[in-house]
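In case you want the letters, here they are:
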Amino acid sequence: MPHDHVASPAGPGRLRPEQALKYTSRATAASVGVAATLALTKGIVWWMSGSVAILASAADSLLDLTASLAVYFSVRYAAEPADHEHRYGHGKAEAFAGIFQAILVAVSAALLIREGIDHIIEPLPLRASPWALGVMGLSILLTVGLLWVQTQAVKKTGSVAVEGDRAHYFTDLASNLVVIAGIIGSVMFGWLWLDAVAALGVAGWLGWTAWGVARGAGNQLMDRELPQSDREQIQAIAEDDPRIIDIHQLRTRAAGPLLHIQFHMALPPGIALRDAHAIQVDCERRLLKAYPAADIIIHADPHGEAERHGADFFRPDEE
């Protein structure tokens with residue numbers, strides 16, 4: 001008797017594109033809102049205070065807004081259904097957005113390293129105006145809320161675009177915390193080196209984060225197989241029918257919210273075409289129950305015949 005298989009809660013294929021879009025659109029819209037709010041607030045504070053540091057921070061928020069808009073549109077484009085020009089859908093648009101965000105995070109890490117080294121060589125006392133502290137406080141508050149929303153979206157969908165945007169905003173949060181640490185160390189304890197050490201530590205962590213985001217996006221662009229645990233889950237669901245002799249030549253790849261699955265199905269040689277088709281349809285239904293956004297291709301083999309006639313000549317894995 002078939003079992004009730006349940007796929008893991010996050011990752012490509014687990015939700016229909018329109019369902020995944022509910023989470024990713026909420027996260028990306030919040031990202032755009034936070035970036036726009038901070039850019040506008042910092043612009044007003046710069047106009048009132050004339051602080052060049054706040055002007056630079058406002059420019060950074062404008063860059064954040066540009067990046068967030070890119071992710072906002074990419075997740076919507078990725079959820080578009082297949083068309084005549086893109087028969088496999090548009091899911092890889094998320095991977096391109098993830099690569100873009102990884103580059104931004106890596107550049108931010110490099111800038112932090114440069115600043116950290118400069119401050120170690122030549123420590124400088126930090127001065128903080130009430131305007132700057134107020135802007136940093138607002139930025140931290142909004143960013144923490146945004147990161148929570150983005151984390152929920154990543155848990156539900158596994159979106160590499162949202163994951164990249166989240167890493168980008170972790171950069172902003174970490175930068176603000178480094179500034180605050182430097183102010184506290186300089187003003188209260190005279191530790192002029194504290195902000196430099198904190199900056200280097202954060203830069204190392206951001207570099208590792210950027211690599212993880214880029215690797216995940218690159219895996220999708222290069223059609224890397226799903227993790228072995230997911231492949232085993234797919235194989236177990238597909239084979240959960242006593243009429244099926246075995247499943248082999250399983251291939252999988254992810255593209256944004258979409259999942260592509262194809263394999264060969266060995267069936268008894270004398271089975272009628274109508275019965276073979278019914279078995280395949282039942283198998284597709286089981287897979288779609290666990291992976292609603294899966295695109296599935298099944299090739300039926302008469303057991304023993306394909307091997308004898310040389311049809312199964314290409315076997316990337318012996319299963």
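The structure contained in this document is the topic of the report that follows. The structure presented is a predicted model; accordingly, all values stated were derived computationally and were not measured.

**As for the side chain of serine 159**
Piece 1. Topologically, serine 159 is positioned in the loop between α4 (130-157) and α5 (160-189).
Piece 2. Its relative accessible area of 2% is what places serine 159 among the buried residues.
Piece 3. A distance of 3.4 Å separates a polar side-chain atom of serine 159 from the backbone nitrogen of alanine 161.
Piece 4. Residues within four places of serine 159 in sequence aside, it is in contact with Thr24, Val75, Glu94 and Val154.

**A look at the sheet that holds strand β2 (residues 258-267)**
Piece 1. Spatial ordering of the open sheet is given by β1-β2-β3, a layout of 3 strands whose pairing is mixed. At either end of the open sheet lies a strand with only one pairing partner, and these are β1 (246-255) and β3 (294-302). Direction aside, neighbouring strands of the sheet carry axes that sit 10° apart on average.
Piece 2. Summarising the sheet, β2 and β3 pair through 9 bridges and their orientation is parallel. Within β3, the residue paired with histidine 260 across the bridge is aspartate 295.
Piece 3. Across the sheet, helix α7 (residues 228-238) touches β1 and β2, and the angle it forms with β1 is around 130°.
Piece 4. Helix α8 (residues 273-290) rests against β2 and β3 of the sheet, and its axis sits at about 150° to β3.

**Focus on the nonpolar core**
Piece 1. The biggest cluster of nonpolar side chains holds 22 residues, and the ones touching the most others in it are Ile234, Phe263 and Met265.
Piece 2. At the level of elements, α7, β1, β2, α8 and β3 are the ones that each hand at least two residues to this core.
Piece 3. Once you skip the residues sitting within four places of it in the chain, methionine 265 turns out to touch Ile244, Asp246, Ile247, Ile279, Gln280, Cys283, Ile298, His299, Ala300 and Asp301.

Thresholds, definitions, all that
- Residues numbered from 1 in each chain as written.
- Predicted model: local features only at pLDDT ≥ 70, side-chain atom pairs only at ≥ 80, totals over all residues.
- Heavy atoms only, no water.
- Helix = DSSP H or I, 4+ residues; strand = E, 2+ residues; numbered from the N terminus.
- Buried < 20%, exposed > 50% of the residue type's maximum accessible area, 1.4 Å probe, protein only.
- Polar contact = N/O pair within 3.5 Å; in protein donor to acceptor, adjacent residues only side chain to side chain.
- Contact = heavy atoms within 4.5 Å.
- Pairing = 2+ DSSP bridges.
- Axes fitted to C-alpha atoms, helices over the stretch in contact; angles between N-to-C directions.
- Core = buried A, V, L, I, M, F, W, Y, C linked by side-chain atoms within 4.5 Å.

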